[in-house]
Amino acid sequence: MTSRLFNNKRAVSPLIATVILIAFAVSLGAVVMNLGSNFATNDPLANQKECVGMGLKFHDLNGPQITFSGSGADGFVEFVVDHVGTEPIPKVRFRISAAKGGSTQTFISDLENSAIEPGYPLSKRVAYNYDTYGIPKQVEVIPTAQRNGKDLFCFKNSATYTLP
C-alpha cells in the first residue's frame, strides 16, 4: 500500500513553488509592518490614551466667553470653557501666545482647583501682565492628564481661541 502511494513521484512545479513563497513573504511582511507601526510613530501624541474622553471648548454665548481686562501688571483674563468629553479632567493649563515688540511671547499658567467633570463648565480669572507679555493673539485651555505621576498635556483636546 505504501509503494502505491509513493510510486507517482511528482513534485510541485517550480513556478507554483515560487508563487507560494512570494505570497508567504508578502503576508509575513504585512504582519511585521502592522506590528511595527504600533511601536514607531511620527506623532508623539498618538498614544495618549489618558487623553481619550477629554475635550474642552470655549462656552459660546454670542461668541466665545473670554474677556481681557485691566492694563499693565494689573491685567487679567476671564474665560468659561465647557467640558464636552466623557472623562473627568483633573487639571487644566492656560496658555496665551502674545505679541510684544515684534516677537512672540508665551504666558503659561497651570490653574489650581481646575478639575472639571464631564458636561460641566469651568470659569476662571487669571492674572496677566500686559507689560511683560504684550497683546494676546491666541488663547488655549489645555486638559491635563496624569501618566506615572507626570502631567500629560492633551493638546488635541484643547479649547483654542485666536483673536481677530
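Presented here is a report on the structure given in the accompanying data block. On a predicted model such as this, the values are computed, not experimentally measured, just so you know.

## Overview of the pattern of salt bridges
One pass over the full model with this rule turns up 3 salt bridges. Here Asp-151 makes a salt bridge to Lys-91, at a shortest N to O gap of 2.9 Å. Placement of Asp-151 in strand 8 (residues 150-153) and of Lys-91 in strand 4 (residues 91-100) is noted, with a sequence separation of 60 residues between them. A salt bridge links Arg-93 to Asp-110; its shortest N-O distance comes to 2.7 Å. Placement of Arg-93 in strand 4 and of Asp-110 in strand 5 (residues 103-110) is noted, with a sequence separation of 17 residues between them.

## Notes on the pairing of strand 7 (residues 135-147)
Sheet topology note: the strand 4/strand 7 ladder contains 9 bridges and is antiparallel. Bridging across to strand 7, Val-92 finds its partner in Pro-143. Pairing of strand 7 with strand 9 (residues 159-162), which is carried by 4 bridges, proceeds in the antiparallel orientation. Each bridged residue has a counterpart across the sheet, and for Glu-140 the counterpart in strand 9 is Thr-160.

Calculation rules
Residues numbered from 1 in each chain as written. Predicted model: local features only at pLDDT ≥ 70, side-chain atom pairs only at ≥ 80, totals over all residues. Heavy atoms only, no water. Salt bridge = Lys/Arg side-chain N within 4 Å of Asp/Glu carboxyl O. Helix = DSSP H or I, 4+ residues; strand = E, 2+ residues; numbered from the N terminus. Pairing = 2+ DSSP bridges.

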